[in-house]
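Overview (structure and organization)
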Amino acid sequence: MCQSTVFVCAILAALFAVAASNNCKTLQIQANGALTNGTYTIQNSDGQSYKIYCQFYDGYGYTFLSTSTNVNVDMSSLYDDTSHVIIRHKRSSGVQYTSTMAQLGTFSSNPVSVQYSGHSGYQGPNNTAMAPYIFVGFIPQSLNRKDDLQGWKVNGEDLTFNNCDGNPNSYIAFFFNPSGQNYTDYVGGHNKLMYQWYDGASAVAQSEYLLDEFFANYHEVHQGGCGGYSRGSNVPTGGAVGMKFTLECAVPAEVAGAQMTYQGTYIGHTSTYSCVSGYQHTDGDLSRTCSGSGAWSGSTPVCGNINECASNPCQNGGQCTDYLNSYTCACASGYQGTVCETNINECQPNPCQNGAQCTDQIYDYTCACVAGYAGKNCEINIDECASNPCQNGGKCTDGINDLNCACVAGYEGKHCEITLCSWPFGLANTEVVGWA
Ligand SMILES: [Ca+2]
Ligand SMILES: [Ca+2]
Ligand SMILES: [Ca+2]
């Protein structure tokens, strides 16, 4: 129902939400097709509760109204297929039976109208004092003519009569009779036209049995002008009207990371999902069909955020973080670049001093110092005096990879290690004298 524009779909979805639990169809949509035959309590537009029985088949179902109902009922919300109704009845044996009632072939373009305590467009029933009642109208007053061939189709068979006087009765009605009024039976001829819905009915499976509260024990059948009239308890233990509805699926759910299109929400329609860029299909079904139960086939698809880190794109120990359609690398110390592919050159700018040669490492560097320097950056002028290399009281002055010893008198040599040649005073004099 929702193909044209997003805007229209939004409005429909909003309307739908308001009426979400008001009939068998919407209950089934909410339950995603899992609802079973049974009695359900729903509310009218005034918030008043009443009970219905939902009978589900493949693609459609029937709604029955409880005879305990005594609030306004919007009948048009309970059925959307006006081609026929089913009439259930229960016999004294306890067995339940069903018949279909539809328009005669010549009137088949007209809806079968089911009304609650009303008969708009139709000649009304006689026993309205037993209201509420369910009224099923066939040929409307406006089409009812004297001498026309009229009637209805029961279980596929046209049952006709000639309307002898134009009296426009064309209905079957079931009265809830909540105050238990007395009544008398009246049978205006037990003919096929009037009673085929009873005599021609077939037994239903016990799994489809209605509870007693859905059977009205008083009814009225009327055709014509010379068709027939009967009323009362001719149906021993009551009758009930099944209103036909078609099943649908819910508007298919949106899925994160997916684009969804759908043909509509009717049985057989498909909904199709495709994962958008950056996402991939990981679970569920990308194509789903609305099944006869009112559920989408398969399971909700999952479009997962593709893990762009899965291929370990970050090099040299970088930490990968996944994003939509992208990733980032948090690089280990000493690396840079989109995928941490670059070993940062720690020699740039050159940290090594005093002419040292820098060699890049990982998050580090080494300096090859020239002789005479030390330290990480060769910033230290090695103190060549530290080992006291000057002997004999020489005074040391540090240089570059060198030192200078200032020797005291009487010594010389790089380290003042050489004792100059001299005599002890007494001896020297003598010898000098001697040599002279
Ligand atoms: Ca991703
Ligand atoms: Ca480096
Ligand atoms: Ca030095």
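Bear in mind the structure is a predicted one, so any value in this text is a computation, not a measurement. (Residues numbered from 1 in each chain as written. Chains lettered and ligands numbered in written order. Predicted model: local features only at pLDDT ≥ 70, side-chain atom pairs only at ≥ 80, totals over all residues.)

Regarding the overall build of the protein
From N to C terminus, the protein includes four helices and 32 strands. In terms of C-alpha radius of gyration, the protein reaches 52 Å, well past the compact-globule figure of 22 Å for 436 residues. Each principal axis of the C-alpha atoms in the protein carries an extent, and together these give about 185 × 40 × 35 Å. With 436 residues in all, the protein has 31% of them scored as buried. Taking all contacts inside the protein whose residues are at least 6 apart in sequence as the whole, residues at least 24 apart take part in 52%. (Helix = DSSP H or I, 4+ residues; strand = E, 2+ residues; numbered from the N terminus. Rg over C-alpha atoms; globule rule 2.2 N^0.38 Å. Buried ≥ 20, exposed ≤ 12 C-beta atoms within 10 Å, placed from the backbone. Contact = placed C-beta atoms within 7 Å.)

Things to note about the UniProt feature "domain: EGF-like" (unreviewed entry) in the protein
In this numbering, the UniProt entry assigns the feature "domain: EGF-like" (unreviewed entry) to residues 305–341, 343–379 and 381–417. In residues 381–417, the share of helix is 0% and the share of strand is 30%. The end C-alpha atoms are 25 Å apart. (UniProt positions renumbered as here; feature names shortened; annotations may be inferred.)

Looking at the nonpolar core
Phe64, Val85, Ile134, Val136, Ala173 and Val241 are the most contacted members of the largest nonpolar core, which has 51 residues in total. Sort the elements by how many residues they give to this core and strand 10 (residues 169–175) lands first, with five residues. In this structure isoleucine 134 touches Leu65, Val114, Tyr116, Ala173, Phe174 and Val241, once residues within four positions along its chain are discounted. If you look at the next biggest cluster of nonpolar residues, it comprises six residues, including Ile29, Cys249, Ala295 and Trp296. (Core = buried A, V, L, I, M, F, W, Y, C linked by C-beta atoms within 7 Å.)

Structural notes on the domain arrangement of the protein
The domains assigned to the protein are domain 1 (36–246), domain 2 (258–305), domain 3 (309–344) and domain 4 (357–419). Here the C-alpha centroids of domain 1 and domain 4 sit 121 Å apart. (Domains from an automatic or database assignment.)

Things to note about the sheet that holds strand 6 (residues 113–116)
Adjacent strands of a sheet form backbone hydrogen bonds with each other and so pair up, either parallel or antiparallel. As summarised here, the arrangement of the six strands in space is 6-7-10-13-14-11, forming an open sheet in which the pairing is antiparallel. Every interior strand has two partners, whereas the edge strands, strand 6 and strand 11 (186–187), have only one. Strand direction decides the pairing type here: strand 11 and strand 14 (residues 228–232), joined by two bridges, are antiparallel. Each bridged residue has a counterpart across the sheet, and for tyrosine 186 the counterpart in strand 14 is arginine 231. (Pairing = 2+ DSSP bridges.)

Focus: helix 3 (residues 192–199)
Burial in helix 3 covers these residues: Met194, Tyr195, Trp197 and Tyr198. All buried residues of helix 3 fall inside an arc of 130° around its axis, so they share one side. Tucked into the core, helix 3 has its buried residues touching strand 4 (81–90), strand 5 (96–102), strand 8 (149–154), strand 10, strand 13 (218–224) and strand 14. (Arc of directions from axis to C-beta.)

Some words on the environment of serine 49
One can find serine 49 in strand 2 (residues 49–56). Judged by local crowding, serine 49 falls into the exposed class, with 10 C-beta atoms found within 10 Å. A sequence separation of 24 residues divides serine 49 from valine 73, and the C-alpha atoms of the two residues are 9.7 Å apart. Ignoring sequence-local partners within four residues, the contact set of serine 49 consists of Thr41 and Gln43.

Considering the sheet that holds strand 19 (residues 287–289)
Pairing in this open sheet of three strands is antiparallel, and the strands run 16-17-19 from one edge to the other. A strand with exactly one partner marks an edge of an open sheet, and here the two such strands are strand 16 (258–262) and strand 19. Taken pair by pair, the neighbouring strands of this sheet meet at an average axis angle of 15°, ignoring direction. The pairing of strand 16 with strand 17 (residues 270–275) spans five bridges and is antiparallel. Looking across to strand 17, one finds that tyrosine 262 is bridged to serine 271. (Axes fitted to C-alpha atoms, helices over the stretch in contact; angles between N-to-C directions.)

Quick notes on the pairing of strand 4
Strand 4 sits mainly inside the fold: seven of its 10 residues count as buried. Across six bridges, the pairing between strand 4 and strand 15 (residues 239–246) is antiparallel. Across the sheet, the residue bridging to histidine 89 is glycine 239, located in strand 15. Bridge analysis of strand 4 against strand 5 gives seven bridges, and the strand direction is antiparallel.

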